Amino acid sequence: MGSTNSTLLKIPNVEVLMQETGFSPAHIIRLHDRFKALDKEGRGYLCPQDFGAIKELAMNPIGDRIIGAFFSPGKETVDFHAFVKILAHFRPVDKDRPKEPNSPEPINSRSNKLKFAFQLYDQDKDGKISRDELLKVLRAMLGMQVTEEQLESIADRTIQEADLDRDDAISFEEFRKSLEKVNIDHKMSIRFLR
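Since the structure is predicted, the reported quantities are computational estimates derived from the model, not experimental observations.

Scoring rules and cut-offs
- By convention here, each chain's residues receive numbers from 1 onward along its written sequence.
- Note on the predicted model: pLDDT of at least 70 is required for a residue's local features to be given, and 80 or more for side-chain atom pairs to be given and counted; whole-chain, interface and lining totals, by contrast, use all residues.
- Water and hydrogen atoms were dropped before computing side-chain values, which therefore reflect all heavy atoms in the structure.
- Geometry of aromatic contacts follows a simple scheme: Phe, Tyr and Trp rings, the Trp one being its six-membered ring, pair when their centres are within 6.5 Å, and the pair is stacked under 30 degrees between planes, edge-to-face over 60, tilted otherwise.
- Strands are runs of DSSP state E lasting at least 2 residues, helices are runs of H or I lasting at least 4, and numbering of each runs from the N terminus.
- Burial classes follow relative accessibility: with a 1.4 Å probe on protein chains only, a residue under 20% of its type's maximum area counts as buried, one over 50% as exposed, and anything between as partly exposed.
- Should the NZ of a Lys or the CZ of an Arg lie within 6 Å of a ring centre and within 35 degrees of the ring normal, that charge is described as sitting over the ring.
- Definitions used for this entry: grid spacing 1 Å over protein atoms alone; cavity, a set of points where a 1.4 Å probe fits but cannot get out; pocket, an open set with protein on both sides within 12 Å along at least 5 of 7 lines; lining residue, one with an atom within 4 Å of a point.
- Grid points are joined across faces, edges and corners, and a volume is the space filled by probe spheres set on the points.
- Ten residues, namely Ala, Val, Leu, Ile, Met, Phe, Trp, Tyr, Cys and Pro, are considered nonpolar, four, namely Asp, Glu, Lys and Arg, are considered charged, and the remaining ones, Gly among them, are considered polar.
- Angles here are taken between N-to-C directions and fall from 0 to 180 degrees, while the axes themselves are lines fitted to C-alpha atoms, restricted in helices to the stretch in contact.
- To sort the angles, those under 35 degrees are grouped as roughly parallel, those over 145 as roughly antiparallel, those from 65 to 115 as roughly perpendicular, and the leftovers as oblique.
- With the far helix as reference, a near helix turned anticlockwise by less than a right angle produces a left-handed crossing, and one turned clockwise produces a right-handed crossing.
- Contacts between residues were defined by any pair of non-hydrogen atoms, one from each residue, lying within 4.5 Å.
- One less than the residue count of a helix, multiplied by 1.5 Å, gives the span that helix is expected to have.
- The term salt bridge refers to a pairing of a side-chain nitrogen on Lys or Arg with a carboxyl oxygen on Asp or Glu at a separation within 4 Å.

A.B. asks: Can you break down the packing of aromatic side chains residue by residue, with the values?
C.D. replies: Counted by the stated rule, this structure contains 10 aromatic pairs. Relative to F80, the ring of F35 lies with its centre 5.5 Å away and its plane at 75 degrees, an arrangement referred to as edge-to-face. Remark: F80 occurs in helix α6 (residues 80-88) and F35 occurs in helix α3 (residues 25-38); sequence separation between them is 45 residues. One exposure class covers both F35 and F80, and it is buried. An aromatic cluster is built from F35, F51, F70, F71, F80 and F83, whose rings are joined through pairwise contacts. Here R91 stacks its cationic end above the ring of F23, 6.0 Å away from the centre of that ring.

If you want it as structure tokens, here you go:
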């Protein structure tokens, strides 16, 4: 336990970080170790290239979009706190955690998970998923498994079904509504070790 406390003491504002993300001290230490392993040069921040060491991301067809989600527009680095906050989107919802009145919505709430997923599609950040943006994701995910014609048909059908205001794009609200019956917590959760 002594090494746990000494590691936690080295992390600035760790109590706030745990409160904001819901991660336990053990999770924070594990994530800190992972961050340090990715930060091979000991700079205190990560660049997009540092994520190349994660084989699951390297093999993921939309890995570059997932990596991009760690970085704010115009920023090429991410510090430990930002790293943990992004990963908190993938923390399973803690149904037993009491909700504090007037506290912000947890990072790993259904709504925040959906916002995170939406931004993976909405690459131009205009608040809508266009047919072209959807096609790019479909091409990356399905690649050579289907023809271009089939991809276009899937994109057109998806937009037709989700686009309630008929503007030929999917807004966040339409995205959210189209995924009402999908178990987002299950699909967007990583089981972190306790």
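Next comes the rest of the write-up.
A.B. asks: Please give an account of the layout of surface pockets that cites residues and values.
C.D. replies: Taken as a whole, the largest pocket holds about 1,400 Å³ of empty space. In terms of lining, the largest pocket is formed by 44 residues, of which the most central are I66, F90, L120, K187 and M188. Counting only elements with at least two residues in the lining of the largest pocket, the list comes to α3, α4 (55-59), α6, α7 (110-121), α8 (131-142), α9 (148-162), α10 (172-178) and α11 (184-187). For the lining of the largest pocket, the per-class residue count stands at 32 nonpolar, five polar and seven charged.

A.B. asks: Can you tell me about the packing of α3 against α6, naming the residues and giving the values?
C.D. replies: Two elements in contact, α3 and α6, have axes separated by 11 Å at closest approach and are oriented at 120 degrees. Taken together, α3 and α6 sit at an angle that is classed as oblique. The element α3 and its partner α6 pack so that their crossing is right-handed. Judged by residue contacts, I28, L31, H32, F35 and L38 of α3 engage F80, F83, V84 and L87 from α6. For the contact of α3 with α6, the per-class residue count stands at eight nonpolar, one polar and no charged.

A.B. asks: Residues and numbers for α9, please.
C.D. replies: Taking 1.5 Å as the rise per residue, α9 with 15 residues should run 21 Å; its terminal C-alpha atoms sit 21 Å apart, in good agreement. Of the surrounding secondary structure, the elements contacted by the buried residues of α9 are β1 (128-130), α8, β2 (169-171) and α10.

A.B. asks: Outline the environment of Q160, supporting the account with residue identities and numerical values.
C.D. replies: With respect to the secondary-structure elements, Q160 resides in helix α9. Residue classification places Q160 among the exposed residues on the basis of a relative accessible area of 55%. On a C-alpha basis, the gap between Q160 and I170 in space is 9.2 Å, while along the polypeptide they are 10 residues apart.

A.B. asks: Residues and numbers for the pattern of salt bridges, please.
C.D. replies: Here the structure, examined in full by the defined rule, presents 13 salt bridges. The shortest N-O distance in the salt bridge between R139 and E148 comes to 2.6 Å. Of the residues examined, E148 reaches a relative accessible area of 35% and is grouped as partly exposed. Of the charged contacts in the structure, one is a salt bridge between E180 and R176, with a shortest N-O distance of 4.0 Å. Residue E180 is classed as partly exposed on the basis of its relative accessible area of 46%. One connected set of salt bridges, linked through shared partners, spans D39, E41, R43 and D50.

Take it as geometry only, folks, not as evidence of what the structure does.
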